[in-house]
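The primary structure of each chain is shown beneath.
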Amino acid sequence: MTGPGAEPETEPPTTEPRVPEPAVIEAPETEPRVTEPAVIETRGLTKRFRGGQLAVDGLDLTVPAGSVFGFLGPNGSGKTTTIRMLMGLIAPTSGTASVLGRPMPDASRTVLPQVGALIEGPALYGFLSGRDNLVRYDRADPTADPRTRTARVGDALERVGLAPAAGKKARAYSLGMKQRLGLAAALLRPRRLLVLDEPTNGLDPQGMREIRALVRELAADGTTVFLSSHLLDEIEQVCTHAAVMARGRLLTQGPVTGLAAGTGGRLAVTTPDPADAARVLKEHGLTGITLDGDRVRAEAPPATAELADLTAALVREGVRVRAFGVERASLEDAFVALTGEGFDVAG
Ligand SMILES: Nc1ncnc2c1ncn2[C@@H]1O[C@H](COP(=O)(O)OP(=O)(O)OP(=O)(O)O)[C@@H](O)[C@H]1O
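From a predicted model like this one, the values you see are computed outputs, not experimental measurements.

J.: An account of the overall build of the protein chain is requested, with residue identities and associated values reported.
T.: Counting its regular elements, the protein chain contains eleven helices and 16 strands. In the protein chain, which comprises 347 residues, the proportion classed as buried is 39%.

Following this line, the structure appears as structure tokens:
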């Protein structure tokens, strides 16, 4: 983790054109209402680096207690800068941030011991075993009781599934094992909040699955998890809530189901007669028509009654239909709808 002080001085904010209010998608009726205070709350949080780079621009973020909150955005969208402000590592240019109900960075000393953070990869000694790395971390914590150290380290290793490899030198660990060891270090004491910056970055699919499973387990125990990612499917797989960033600005936030539902799905017709199907859909006023092999897609019409009319029209026009339906909108659809741009996962 980067220490404070390495940061260039910030410059006062200049007058930028105002950003439209981010769309807050309401939770569907079935979503349990969160009544506890937010674990992370920012208001107008802004960071302009020396040199003029506006990395975070007027961010209003609300992370509900008990959520697995995905902080999603392409590379360079301001995620790490936000996390560094939340953890008190750098000062905002303007705006406020509170973590666990306390203002940051002022309350760092009381807040940070309750937060497990994995930012920019764990700092490990390669020549020490996994277990000894954790012992080192535990020793560095003045509140950790030395008499219970062995048990605490053993529990943390167990928790992340590293007990069988605990005696191996950390330099022999795979990247995924190193990430898990970093998580174990974050779990040496009970945490109310875990902040993970791109926890699966650089991992192979198996390593990604392991970290995601671990995140789900931790969340099931009631820990709020805030994780940043540039991977849309990752957010859809593990997160209950998400915020979408682009170029330092918040585009939208809310329950993941609500974010995708806010965007209309796509109508998909599978047919051996795609050109005819496209013509019929166009004649019926559908827009955004695309052809991909035997698949014809279009923006879904608003009412289900119209879907019945469309199938009837396709059949009437002699279009042979193999499959017909509305595909659920993904977070990627939501992102494209919000930005008018594709989501560049390669960064
Ligand atoms: N110390 C710094 N000084 C100047 N500019 C910076 C600094 N740190 C980040 N930036 C710039 O601020 C913008 C946001 O960067 P940030 O690292 O927060 O994005 P990110 O979404 O976390 O992306 P990544 O996943 O690539 O880290 C980028 O344009 C980056 O170049």
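After that view of the structure, there is still more to cover.
J.: Could you give an account of the packing of helix α3 (residues 130–139) against helix α5 (residues 175–186), naming the residues involved and the relevant values?
T.: Orientation of α3 relative to α5, taken along the N-to-C sense of each, is 30°, at an axis distance of 10 Å. Put simply, α3 runs roughly parallel to α5. The hand of the α3/α5 crossing is right-handed. Contacts from Gly130, Asn133, Leu134 and Tyr137 in α3 reach Leu181, Ala184 and Ala185 in α5. When its residues are assigned to classes, the contact of α3 with α5 shows five nonpolar, two polar and no charged.

J.: Before we move on, could you go through the site of the ligand and cite the residues and values that matter?
T.: Of all residues adjacent to the ligand, which total 14 residues, the nearest are Phe49, Ala55, Asn75, Thr80 and Thr81. Broken down by element, the residue count for the shell around the ligand peaks at three residues, all from helix α1 (residues 79–86).

J.: Can you lay out unusual backbone geometry for me, pointing to particular residues and giving the numbers?
T.: Residue proline 105 follows methionine 104 across a cis peptide bond; omega there is 5°. The residue proline 105 is located in the loop between β7 (102–104) and α2 (108–111) in this model. One non-glycine residue with positive phi stands out, namely leucine 100, at about 50°. For leucine 100, a count of 20 C-beta atoms within 10 Å puts it in the buried group. Positive phi, close to 45°, is recorded for glutamate 198, a residue that is not glycine. Position of glutamate 198 relative to the elements: it lies in the loop between β9 (193–197) and α6 (205–220).

Thresholds applied
- Counting of residues starts from 1 at the beginning of each chain's written sequence and follows it residue by residue.
- Per-residue local features are limited, in this predicted model, to residues with pLDDT of at least 70; the limit for side-chain atom pairs, both in listing and counting, is 80 or more; totals at the level of whole chains, interfaces and linings are taken over all residues.
- Helix and strand labels come from DSSP, where a helix needs a run of H or I of at least four residues and a strand needs a run of E of at least two; each type is numbered from the N terminus.
- Buried means a residue has 20 or more other C-beta atoms within 10 Å of its own C-beta, exposed means 12 or fewer, and partly exposed covers the counts in between; C-beta atoms are placed from the backbone.
- To define axes, lines are fitted to C-alpha atoms, for helices over the stretch in contact only, and angles between the resulting N-to-C directions are given on a 0 to 180 degree scale.
- Oblique is the label for every angle not falling under 35 degrees (roughly parallel), over 145 degrees (roughly antiparallel), or within 65 to 115 degrees (roughly perpendicular).
- Crossings are classed by handedness, with left-handed meaning an anticlockwise turn of the near helix from the far one by less than a right angle and right-handed meaning a clockwise turn.
- A pair of residues counts as a contact when their C-beta atoms, built from backbone coordinates, are within 7 Å of each other.
- Charged means Asp, Glu, Lys or Arg here, nonpolar means Ala, Val, Leu, Ile, Met, Phe, Trp, Tyr, Cys or Pro, and polar covers whatever is left, Gly included.
- For each residue, a C-beta atom is positioned from the backbone; the residue is called near a molecule or strand if that atom sits within 6 Å of it.

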